[in-house]
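Observations on the model geometry
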Amino acid sequence: MKEKIKVISQRVKANPVLKESAKSIKPEPTFWGFIGVFIFFILPEIIGFIWGKEIAEFAHNKSLTESLEIARAFYWALEKLFEDGGSWFNLSIGIIIIIWMAYERWYKK
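Everything in this summary refers to the structure shown in the same document. Note that this is a predicted model, so its numbers are computed, not measured. (Residues numbered from 1 in each chain as written. Predicted model: local features only at pLDDT ≥ 70, side-chain atom pairs only at ≥ 80, totals over all residues. Heavy atoms only, no water.)

**Side note on the side chain of Ser63**
Relative to the assigned elements, Ser63 resides in helix H3 (residues 31–65). In terms of polar contacts, Ser63 uses its side chain to reach the backbone carbonyl oxygen of His60, at 2.7 Å. Here Ser63 is in contact with Arg72, Tyr75, Trp76 and Glu79, once residues within four sequence places are set aside. (Helix = DSSP H or I, 4+ residues; strand = E, 2+ residues; numbered from the N terminus. Polar contact = N/O pair within 3.5 Å; in protein donor to acceptor, adjacent residues only side chain to side chain. Contact = heavy atoms within 4.5 Å.)

**Quick notes on helix H4 (residues 69–82)**
Given a rise of 1.5 Å per residue, 14 residues ought to cover 20 Å, and the 20 Å separating the end C-alpha atoms of H4 matches this to within 8%. For H4, the complete set of buried residues consists of Ala71, Tyr75, Leu78, Glu79 and Phe82. The buried residues of H4 occupy one face: seen down the axis, they fall within an arc of 100°. Residues of H4 that are exposed and point more than 90 degrees away from the buried face comprise Glu69, Ile70 and Leu81. On its buried face, H4 sits against H3. (Expected span 1.5 Å × (residues − 1). Buried < 20%, exposed > 50% of the residue type's maximum accessible area, 1.4 Å probe, protein only. Arc of directions from axis to C-beta.)

Given below as C-alpha cells:
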C-alpha cells in the first residue's frame with residue numbers, strides 16, 4: 001500500500017497540469033491576497049461566531065413572511081448557513097492559507 005501511495009505521489013509531482021492548477025488556486029502572497037483570504041475565509045466565520053444566531057433567527061422570520069418564493073429560498077439558505085454559528089474548520093482553513101502565504105512571502109523568497 002505504501003508503494004502504491006509513493007507511486008501516485010511521484011506521478012502527481014511530475015504532472016505539469018496538476019502543478020499549474022495548484023499554482024492557480026493558491027492566492028498570491030501580496031497585500032490584496034491577504035485581504036482576499038481574510039474577507040472570504042476568516043471574516044464570515046468571525047461574523048458567524050458573533051452574530052450567527054441572530055442572523056439565523058432574522059432569516060427564519062423573513063422566510064415565514066416573504067411573499068416571493070425566490071426570496072424565501074434565499075432566507076432559508078441564509079438561515080441554514082448561520083444556524084450553527086461559525087465553523088472552526090473553515091476558520092482553520094483560512095488561517096492555514098494565511099500562514100502558507102506568509103511563509104511564501106517572507107521565508108521562501
